[in-house]
Amino acid sequence: MTMGSRGVHRVMGIETEYGISVPSDPTMTAMQASGLVVNAYAQHHLPAAHQRAHWDYLPESPLRDARGFDMSRADADPSQLTDEDLSTANVILTNGARLYVDHAHPEYSAPECVTPREATLHDRAGMMIMAEAAQLASRTPGIPQISLYKNNTDNKGASYGCHENYLMARTTPFAEVVRLFTAFLVTRQVFTGAGRLGKGQEGKVLEFQLSQRADFFETEVGLETTIRRPIINTRDEPHADPEKSRRLHVITGDANLSDTATLLKLGSASLVLGMIEDGCLKSDDLSLDDPVSEMHRVSHDPSLKHQLRLTGGRLMSALEVQSVYLERAIAWVGPEPDPQTLEILRLWEFVITTLSGDPMNCGGVLDWVAKLRLLEGYRTRDGLTWDSPALQLIDLQYSDIRADKGLARRLEERGRLARLFSDDEVASAELSPPESTRAYFRGECMRRFPESVVAASWDSLVFDVPGHESLVRVPTLDPLRGTRAHVGSLLDGDPSLTVLLEALSADEG
Amino acid sequence: MPQQQHSSGSSRDNRDDDSAVPASAAPHVSVSGVDDLLDEIDSLLEDNAEAFVKSFVQKGGQ
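Think of each chain on its own: its residues are numbered from 1, step by step along the sequence as written. Here the convention is simple: chains get letters from A, ligands get numbers from 1, in the order in which they are written. Only residues with pLDDT of at least 70 get local features here, since the model is predicted, and only at 80 or more are side-chain atom pairs given and counted; chain-wide, interface and lining totals rely on the full set of residues. Just so you know, side-chain values use all the structure's heavy atoms and leave hydrogens and water out.

Engineer: Quick question: what am I supposed to make of the overall build of chain A here?
Structural biologist: Strands are runs of DSSP state E lasting at least two residues, helices are runs of H or I lasting at least four, and both sets are numbered from the N terminus onward. Secondary structure assignment for chain A yields 16 helices and 18 strands. Note that the radius of gyration is over C-alpha atoms, with the globule rule given as 2.2 Å times the number of residues to the power 0.38. Against the compact-globule benchmark of 23 Å for 509 residues, chain A has a radius of gyration of 23 Å, which places it among compact chains. Seen through its C-alpha atoms, chain A measures out along the principal axes to roughly 70 × 55 × 40 Å. Counting across all 509 residues of chain A, residues that qualify as buried make up 63%. For chain A, the accessible surface area stands at approximately 17800 Å², while carbon and sulfur atoms represent 51% of it. Positive charges are assigned to Lys and Arg, negative charges to Asp and Glu, while His and the chain termini are left out of the count. For charged residues, the charge sits on one atom: NZ in Lys, CZ in Arg, CG in Asp, CD in Glu. Considering chain A, the positive charge centre built from 51 side chains and the negative charge centre built from 73 side chains are found 4 Å apart. Residue exposure (1.4 Å probe, protein chains only): buried if accessible area is under 20% of the type maximum, exposed if over 50%, otherwise partly exposed. Here, Shrake-Rupley sampling with a 1.4 Å probe gives the accessible areas, and only protein chains in the shown set may cover a residue.

Here you go:
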């Protein structure tokens, strides 16, 4: 839910599954490789005791069960770990994030933030953590080079996600979200697309499209995330007070390499959700006749000329639909938006205006344009056709997250793709939590009491307190408690764990 | 960088910052051709593009 004023502020975060490959050892499974990556980071960065902290999957189970779940693997060679160890590799980091293996991919769930800029920074930090993790794993004797890709498809039928989460007011009817947010998600591909050479889930038609993800959406609304993917996902697991909040889990987005694309993706979505909560889009009818087909058609048209058919027969381009949302947002926030909101409105307008002229002028800020420019450059220089393997490699290698190999990262290095954060800011976000949410408390506890945290989740921490017979579970159900403003001065006093927990329970009382 | 944080106004027409390029959108970004860049990329691309692309097979995720 928006926090006080009309603007972009709300609890939000991004979780990203990375593509993974081991070119020199095709026999290594994706799950094994993912486990090696996660464990390599944990072993290098987190003291051995830290690794006892496990995800608190079953907060309702007797706490004693959490004991004994721990096994120190600090001394184990990664190659000696069993598949089971690798598939359950899972660490909570000092920045409040979760780094783990989600089936066949390493995943980084960034800590909860309250502004799009902060959430973008933490998504970036996640990419840098993944890059380092893969490097650490690959340096281990006996382990081959493991490569990670921030993309969403192998072009052979598989897709994996970059999901956004937005906390919303429970009072907002979900039908209104479906009615008013669907057209936004379908048309925002003009700036969220990371570009893809290949059409259809298996990429058999070698033509360029805006989005990595679009072709994998098959239904309008539903619960699934891995099959028959819906444009609006109904998963309702708020990790907050369910009476007050819903967590909207948005699964349509591409994983962006461009910070600017991520920033605009988060900021514009938060504004539109704020308007839906506020009821100010009520009279707008932006319903699409056939959202799933339009999702594909918008993505398949890099000229951005495609006319979407709205209910009632009206035709509008994706940019025109986005302009309606932007105009409503400008009116909604009023004459004095806060700086974070102003930044998003300006960026949104800049992108729509520029795309409406010559889309290629967005090459410095949008992934699909940056990628298309590279592909067109190669095609022209070498006289290639779209089915050239070199072009397919450029499509893939654009998303390689290594600084020296990834093409997006090379574009950044040369100043051709804008960066929003300094190296220092990103490095700090790799280690320190955002101060604006409960991620602050989680991350600080992981840093200060690594030996005492036996389990953690978004909405709980479980401590093994010295001298206590039973474990102590601290619920963190409110994402806006446990912030620096809330517990910073307490933590700054370097309390023992016992003193901290006593102070917190007094606070609760 | 925007010189100051202006109000965005209540409609696009009366905004006084229409010409302002967002801080994040354009500065430092070259819009010239990509030729010199392509030369660099030539040296970075994985060997044997066809085999490399073919071997990139993922399991589905979320």
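That shown, we press on.
Engineer: What should I look at first to understand helix α15 (residues 484–492) of chain A in this one?
Structural biologist: Side chains of residues three or four places apart in an α-helix project in the same direction, reflecting 3.6 residues per turn. Residue and element names in this part refer to chain A. Along α15, the residues classified as buried are Val487, Gly488 and Leu491. The arc that holds every buried residue of α15, seen down its axis, measures 130 degrees, which confines them to one face. Structural note: α15 exposes Ala485 and Ser489 on the side pointing more than 90 degrees away from its buried face. Downstream of α15 by one or two residues, Asp494 has phi in the positive range, about 50 degrees. Summarising the geometry, the arc corresponds to the directions from the helix axis toward the C-beta atoms.

Engineer: Is there a simple way to explain the sheet that holds strand β18 (residues 472–475) of chain A in this structure?
Structural biologist: Residue and element names in this part refer to chain A. Taken in spatial order, the four strands make up an open sheet running β3-β16-β17-β18, and their pairing is mixed. For this open sheet the edge positions go to β3 (54–55) and β18, each flanked by a neighbour on one side alone. Residue contacts are defined here by distance: any two heavy atoms, one from each residue, within 4.5 Å place the two residues in contact. Only the stretch in contact is used when fitting a helix axis, every axis being a line fitted to C-alpha atoms; angles between N-to-C directions are given from 0 to 180 degrees. Where helix α14 (residues 439–448) meets the sheet, it contacts β16 (453–457), β17 (460–463) and β18, and its direction lies at approximately 25 degrees from that of β17. For two strands to be treated as a pair, DSSP must find no fewer than two bridges joining them.

Engineer: What exactly am I supposed to notice about unusual backbone geometry here?
Structural biologist: Negative phi values dominate among residues other than glycine, just as trans dominates among peptide bonds. Of note, Asn155 of chain A is a non-glycine position whose phi angle comes to about 65 degrees, a positive value. Along the chain, Asn155 of chain A turns up in the loop between β7 (147–149) and β8 (162–169). Under the relative-accessibility criterion, Asn155 of chain A is labelled buried at 18%. Positive phi, normally seen in glycine, also occurs at Asn48 of chain B, with a value near 50 degrees. Note on placement: Asn48 of chain B falls in the loop between α1 (35–44) and α2 (49–55).

Engineer: How should I be thinking about the environment of Gly19 of chain A in this particular structure?
Structural biologist: The topology assignment puts Gly19 of chain A in strand β2 (residues 19–21). Separated by 127 residues in the primary sequence, Gly19 of chain A and Ile146 of chain A place their C-alpha atoms 10 Å from one another. Residues contacting Gly19 of chain A, with those up to four places away along its chain left out, are His105, Ser147, Leu148, Tyr149, Asn151 and Tyr160 of chain A together with Gln58 of chain B.

Engineer: Is there a simple way to explain helix α11 (residues 389–397) of chain A in this structure?
Structural biologist: Residue and element names in this part refer to chain A. α11 sits mainly inside the fold: seven of its nine residues count as buried. All buried positions along α11 are accounted for by Leu391, Gln392, Leu393, Ile394, Asp395, Leu396 and Gln397. N or O atoms closer than or at 3.5 Å make up a polar contact, with two conditions inside protein: a donor-capable atom paired with an acceptor-capable one, and, for residues adjacent in sequence, both atoms drawn from side chains. N-capping of α11 is provided by Ser388, with a side-chain oxygen placed 3.1 Å from the backbone N of Ala390.

Engineer: Mind showing me how you'd approach the environment of Glu176 of chain A here?
Structural biologist: Residue and element names in this part refer to chain A. Here Glu176 lies in helix α4 (residues 174–187). Accessibility expressed as a relative area gives 17% for Glu176, which makes it buried. Sequence-wise, Glu176 and Asp387 are 211 residues apart; in three dimensions their C-alpha atoms are separated by 43 Å. Residues within four places of Glu176 in sequence aside, it is in contact with Phe181, Ile276 and Lys282.

Engineer: Explain the confidence of the model for chain B to me, please; I cannot follow it from the model alone.
Structural biologist: Low pLDDT means the predicted coordinates in that region are not meant to be read closely. Residues and elements named next belong to chain B. With 45% of its residues at a pLDDT of 70 or more, chain B has an overall mean of 63. Every residue gets a pLDDT, meaning the predictor's confidence in that residue, from 0 to 100. Every residue in residues 1–31 scores below 50 in pLDDT, and together they form 70 contacts with partners more than four places removed in sequence or on other chains. For this predicted complex, the interface confidence comes out at an ipTM of 0.89, alongside a pTM of 0.90.

Engineer: What exactly am I supposed to notice about the pairing of strand β6 (residues 105–109) of chain A here?
Structural biologist: Successive residues of a regular strand alternate their side chains across the two faces of the sheet. Residue and element names in this part refer to chain A. A large share of β6 lies buried, amounting to five of its five residues. Side chains His105, Glu107 and Ser109 of β6 all project onto a buried face; the interleaved residues Pro106 and Tyr108 project onto the opposite face, where all are buried too. As defined by bridge partners, strand β1 (residues 12–17) adjoins β6 across three bridges and the pair is classed as antiparallel. Following the sheet pairing, Glu15 is matched in β6 by Ser109. With five bridges connecting them, strand β5 (residues 98–102) and β6 associate as antiparallel partners.

Engineer: How do you make sense of the packing of helix α8 (residues 318–333) of chain A against helix α9 (residues 339–356) of chain A when you look at a structure like this?
Structural biologist: Between two packed helices, both the angle of their axes relative to each other and the distance between the axes serve to describe the pair. Residues and elements named next belong to chain A. Two elements in contact, α8 and α9, have axes whose closest approach is 10 Å; the angle formed by their N-to-C orientations is 155 degrees. Classified by the angle between their axes, α8 and α9 sit roughly antiparallel to one another. In this structure, α8 crosses over α9, and the sense of that crossing is left-handed. Counting all contacts with α8, which are made through Leu319, Gln322, Ser323, Tyr325, Leu326, Ala329, Ile330 and Val333, the residues of α9 involved are Thr341, Leu345, Trp348, Glu349, Ile352, Leu355 and Ser356. Here is the rule for angles: anything less than 35 degrees is roughly parallel, anything more than 145 is roughly antiparallel, 65 through 115 is roughly perpendicular, and the remaining ranges are oblique. Handedness of a crossing follows from how the near helix is turned relative to the far one, being left-handed for an anticlockwise turn of less than a right angle and right-handed for a clockwise one.

Engineer: Got a minute to help me understand the packing of aromatic side chains in this structure?
Structural biologist: Each aromatic ring pair is described using two quantities: the centre-to-centre distance and the angle formed by the ring planes. Two aromatic rings, drawn from Phe, Tyr or Trp (for Trp, its six-membered ring), form a pair once their centres lie within 6.5 Å of each other, and the interplanar angle then sorts them: stacked below 30 degrees, edge-to-face above 60, tilted otherwise. In total, this model carries four aromatic pairs over all chains according to the counting rule given. Taking 4.9 Å as the distance between ring centres and 70 degrees as the angle between the ring planes, the aromatic pair formed by Tyr149 of chain A and Phe56 of chain B counts as edge-to-face. Taken as a pair, Tyr149 of chain A in strand β7 and Phe56 of chain B in the segment after α2 lie in two separate chains rather than in one. For Tyr149 of chain A, a relative accessible area of 0% translates into the label buried. Residues Phe184 of chain A and Tyr325 of chain A carry aromatic rings whose centres are separated by 5.4 Å and whose planes lie at 75 degrees to one another, so their mutual orientation is edge-to-face. In this pair, Phe184 of chain A is assigned in helix α4 and Tyr325 of chain A in helix α8, connecting sequence segments 141 residues apart. This pair shows no difference in class: Phe184 of chain A is buried, exactly as Tyr325 of chain A is. Joined through ring pairs, the aromatic side chains of Phe181, Phe184, Tyr325 and Trp348 of chain A make up one cluster. Only when the NZ of Lys or the CZ of Arg is both within 6 Å of the ring centre and within 35 degrees of the ring normal is a charge said to sit over the ring. Between the NZ or CZ atom of Arg98 of chain A and the centre of the ring of Tyr100 of chain A, over which it lies, the distance is 3.7 Å. When the ring centre of Tyr378 of chain A is taken as reference, the NZ or CZ atom of Arg381 of chain A above it lies at 4.8 Å.

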